[in-house]
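Overview (structure and organization)
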Amino acid sequence: MRSSPLPRMSRRGRVTIGVLIGVFVLFTLLGWGVNAWTDWLWFDEVRYTQVFTGVLATRLLLFLLVGLGMAAVIAVNLWLAHRLRPRMRPHSMEQATLERYRMLLSPRLGTWIAVVAAVIGLFAGLSAQSRWGQWLLFRNGGDFGVKDPEFGVDVGFYVFQLPFLRYLLGVGFTAVVLALLGALAVHYIFGGVRLQGVGDRMTNGARAHLSTLVAIFVLLKAIAYVLDRRAMLLEYNEGAKLYGAGYADVNALLPAKEILAYISIVVAIAIIVFSNAVMRNLVWPGIALALLGVSAVAIGGIYPWAVQTFEVKPSARDKEAPYISRSIEATRAAYGLGAAKTAGYAASNLTPPPSLATDTSVVSNVRLLDPQLVSETYTQLQQVRGFYDFGPKLDIDRYAVSGKTSDYVVGVREVNYDELTTQQNNWINRHTVYTHGYGLVAAPANQICGNGTPYFVSGFLGDSDKAAQGCASQTEQIPAQQPRIYYGERMKADDYAIVGKTGDRNVEFDRPTSTGGEQYYTYTGEGGVKIGSFTRRLLYSIKEQESNFLLSEAVNDNSKLLYVRNPRDRVEKVAPFLTLDGDPYPAVVNGRVQWIIDGYTTAATYPYAERINLQAETTDELTNRGTFQLARENVNYMRNSVKATVDAYDGTVRLYQFDDTDPVLKAWNKAFGGDLVLPKSAIPAELAEHFRYPADLFKVQRNLLTKFHVTDPGDFYSGQDFWQVPNVPDAPDSGQKQPPYYLFTEFPGQEGPRFQLTSAVTPNGRQNLAALISGSYVDGQPRLEVLELPDQTRTGGPVQVHQQMTNNGDIRQQLNLLSSNQAQVQYGNLLSLPFADGMLYVEPVYVKSNQQDAFPLLQKVLLSYGDGGSYVVLANNLSDGIKQLVEQGKRGGQGAPPPSGGTPPPAPGPGTNPPALTGALADAAAKVQSAITEVKAAQASGDFERYGRALKALDEAITAFQQAQSAANPSASPAPSGSPSASPPVSPSASPNG
């Protein structure tokens, strides 16, 4: 009996579905249209419309070309399969079952084919448009001028051509497989392929069609084998634990791929010939495909495995040596390690030299302020209003003030919208009143006030502000003609601002006045998108889903909208091809506050270079604490090719070429018209003075240098000379790496102090110091330097030195005095400074009360010289500490007193009373007792400033007691002046720790 066709949908049902689809398409297109229009307006504001049009045009081009191409391939093959259907089909249960589907498809077969092809083409086009970057590099890429060591092909082929060719090959495979499956389905439905019945199971037309598609697939496989030969230089070499083709790959797998490519061509020809001209069946083509599979396993799998197992492994060190050498050379070239200068540093001097006390290049520039810890101090002392914020980490920069260049801890007073009170946090206040921050606040990194706070020299809100803080310069030493901050790191995606005068009054909160009032302001910059017209207001009302754009009187004919206000987001939108450093920093340049962001060009297809994950390599203690975490991007080539700036007032974005030899940046610049990135010669001299070695690039280079400083293949294979990055010194069990730190100092071999990024590394599996790595700029060019210590050095590494300093008996006692249930000790950057053929270590010690809104105060400085344990002091300040170290050096040798203090009197024996104190010694002991009592009282009161004063008085009383003790017993060795470690003979109950 003949089957009835599938029931048709009612007219009402078809109308309902049509309306739903129409509404969905309308809202989708409306959303896309609004986003595209507002993006165009934003790009027009920043004057980078070529990026918007270039990316959009490329996406549309790829969407159309790949989408239409895929749709055409599918449609042609489906149509051809239907065209080749047999006119007569033998009767069978199978054909009777398929008849109902033929009746459904046949009346509107063209429509069905168009729908299927359109859907597949749509998804193919959507996938293709995301490859716009690969296409632009494919079109505009040039040569590197460096050839790969195996084929002699320029590296530009691997970076610019290979990724897109492999993508096209993948599209080809997908198109053929889908066409084959679709054609097979149509042939089956319309009788060209049968599973039941008498005679052939496949018509001649169906056989020719399907065998041709299979042959095309095999030919594409031959092309894949050819590309795989080149791609082998990018694969991981398990034998050498490096990237790039190894011995077995080159001598076994490489020829195997070539053989398989030829076999694939022969098999493709055999499939066509035997299927259609000779045997006219699928037996021999099937045998040919099976032989190809067996060949792929035997030639491409078993043979290379046998070579690796029986020839390479027994003598891997010698067999892999040439290929290890290739990987070392390529990695050093791809990451800029080849220019690193390595010098030996004996570090044999273990005694503090007298020159420490008179040095002007290292000691005088030691940075005491930790930008991570003092951010709270900046916020509390410079906040003025609760909604101002400096972020969780400040930045380090250098300025020339009064003819002297020093490093400064700088921060920008921004608006933190999360800190607005409930009363303040309404739409009008959030977007039209609290629109900007005010001032770049700076303090010398090596100078503090008597109470342990920074000495502020810029960013003042007014005379009342300076008077209130009491520890600041009389005038702005780093003046900014335009101190207002409309664009900053604290800005989130929805923190837009609407600016523009309403009538004759200013509505934007600017800063408090000296009389206790508030000053208001109106934005006058060029930045921002004009939203005075009804059309613009409606447009952004839809985009932000906010009706106040249309209803509020705060939006008027003069209004502008400032959005994308985070400097890093702003540059990322302008230059989407760059990988941006996670730590933008502000600088005053020509009187304006500029955000400086380092931009990297990267690639993942540099032959033989080590492949890394950017997120893993750049993560340390500071990640996401005032810095941005990089994406999980795998790369094997990296260059700091761009220095980008964002004006904090008007949002102007500029991209400056920094590495004018980078082929990747040249390709991107060419892709966007050739003038997207300004030439290096256009960098203003005052701006260049604030460029610093980028942190994330330095971390990557430092981590790679822990292995790739070894250039001998045999030594590299053994791995005995590898280094490691130490953990955070004061929390080694946390597993977090010690961040590099910026210093303005002079290292051995340098002609003068430089602003450089520095990191210590230790031998793999050990804690002693292996080398110091630094990155700086010399004459505008990056300079990477390595000071390598001898293998058997006694010099301690950061973790080791911190433990030795803090576990010293006298110092431990004083640290316990500083910490209590009312306060906690926090350690700043542990600085490793090479000096006088030895190592000087400096670690600031902060104390923070447990009170609400308390902030860390710099109270002490830990210093050590030599191996980290022989000469250690805990001083009130750096100057005193240096003097104490020098004194310890002079007393060095057998019988010397403890490094940080004098010798306390011997403890009385059991059953005896301690000797009575008389005269000046008794008076000094009484003062110590009184000072300890005051410390305990200050702890109990919770007044942290009083506690700091009490500690200082106690230190002075102990010093006076030591001097009186020395006068009463002249034969004893005197303690250094100001040493806080000697203790008077007081009863245990008088201990300040209770």
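Owing to the predicted nature of the structure, the values given are computational and were not obtained by experimental measurement.

Conventions and cut-offs
- Residues numbered from 1 in each chain as written.
- Predicted model: local features only at pLDDT ≥ 70, side-chain atom pairs only at ≥ 80, totals over all residues.
- Heavy atoms only, no water.
- Helix = DSSP H or I, 4+ residues; strand = E, 2+ residues; numbered from the N terminus.
- Buried < 20%, exposed > 50% of the residue type's maximum accessible area, 1.4 Å probe, protein only.
- Areas by Shrake-Rupley, 256 points an atom, 1.4 Å probe, with all protein chains shown as cover.
- Pairing = 2+ DSSP bridges.
- Contact = heavy atoms within 4.5 Å.
- Disulfide = S-S within 2.5 Å.
- Arc of directions from axis to C-beta.
- Axes fitted to C-alpha atoms, helices over the stretch in contact; angles between N-to-C directions.
- Core = buried A, V, L, I, M, F, W, Y, C linked by side-chain atoms within 4.5 Å.

Next up on the list: the overall build of the chain. Summing up its helical and strand segments, the chain has 27 helices and 32 strands in all. Going through the 994 residues of the chain one by one, you find that 54% of them count as buried. Surface accessibility of the chain: about 43500 Å² in total, with carbon and sulfur atoms responsible for 55%.

This part is about the pairing of strand β6 (residues 404-412). Counting buried positions over the 9 residues of β6 gives 7, a clear majority of the element. Sheet analysis places strand β5 (residues 395-401) next to β6, joined by 7 bridges and oriented antiparallel. Counted as the bridge partner of Asp397 is Tyr408 from β6. Hairpin geometry of β5 and β6 is characterised by an intervening segment of 2 residues between the two adjacent antiparallel strands and by a positive phi of about 55° at Ser402. Taken together, the 5 bridges between β6 and strand β9 (residues 440-444) define a ladder with antiparallel strand orientation. Residue pairing for β9: Val409 is matched across the bridge by Ala443.

Further remarks concern unusual backbone geometry. Trans is the common state for peptide bonds, and a negative phi is the common state for residues other than glycine. Notably, Arg47 is not glycine yet its phi reads approximately 65°, a positive angle. Within the fold, Arg47 resides in the loop between α1 (11-46) and α2 (49-83). Located in the positive-phi region is Gln545, a residue other than glycine, with phi close to 55°. Topologically, Gln545 is positioned in the loop between α15 (534-544) and α16 (548-551).

Further remarks concern the sheet that holds strand β15 (residues 560-562). Taken together, the 3 strands give an open sheet; going across it, the order is β11-β15-β14, and neighbouring strands pair in antiparallel fashion. Looking at which strands have only one partner, the edges of the open sheet turn out to be β11 (497-499) and β14 (529-530). Relative to β15, β14 runs antiparallel, the two sharing 2 bridges. The residue bridging Lys530 from the neighbouring strand is Lys560, located in β15.

This part takes up the environment of Gln629. Within the secondary structure, Gln629 sits in the loop between α18 (614-618) and β20 (634-635). The exposure class assigned to Gln629 is partly exposed, which follows from its relative accessible area of 37%. Counting along the chain gives 47 residues from Gln629 to Gly582, while the straight-line C-alpha distance between them is 6.0 Å. With near-sequence residues (within four places) excluded, Gln629 lies in contact with Gln615, Thr619, Thr623 and Asn624.

Here the focus is the state of the cysteines. Two cysteines, two sulfur atoms, one covalent bond between them: this is a disulfide. The final tally for this structure, using the stated rule, is 1 disulfide. Two residues share a disulfide in this structure: Cys449 and Cys471, whose sulfurs sit 1.2 Å from each other. One end of the pair, Cys449, is in the loop between β9 and α14 (463-469); the other, Cys471, is in the loop between α14 and β10 (484-485), with 22 residues separating them in the sequence.

Let's shift gears to helix α23 (residues 798-806). What α23 keeps buried is the set Pro798, Val799, Val801, His802, Met805 and Thr806. Burial along α23 is one-sided: seen end-on, the buried residues are contained in an arc of 165°.

Let us now look at the sheet that holds β9. With antiparallel pairing, 3 strands are arranged side by side in an open sheet as β5-β6-β9. For this open sheet the edge positions go to β5 and β9, each flanked by a neighbour on one side alone. Adjacent strand axes in the sheet meet at a mean angle of 45° when their direction is disregarded. Where helix α12 (residues 374-382) meets the sheet, its contacts fall on β6 and β9, and the angle it forms with β9 comes to roughly 120°.

Right, let's talk about the environment of Pro729 for a bit. When you line up the elements, Pro729 lands in the loop between β23 (723-724) and β24 (741-745). The spatial distance from the C-alpha of Pro729 to the C-alpha of His802 is 6.0 Å, given a sequence separation of 73 residues. Sequence-distant contacts of Pro729, defined by excluding residues within four places in its chain, comprise Gln738, Pro798, Val799, His802 and Leu830.

By size, the foremost hydrophobic cluster in this structure holds 182 residues, and its most contacted members are Leu655 and Leu840. Looking at this core, the element that brings in the most residues is helix α6 (residues 155-189), giving 13 residues. When near neighbours in sequence (up to four residues on either side) are disregarded, Leu655 contacts Tyr48, Val571, Val574, Ala575, Val642, Lys643, Ala644, Leu676, Val677 and Leu678. Tyr345, Ala347, Val801 and Val847 belong to the second largest nonpolar core, which has 24 residues in total.

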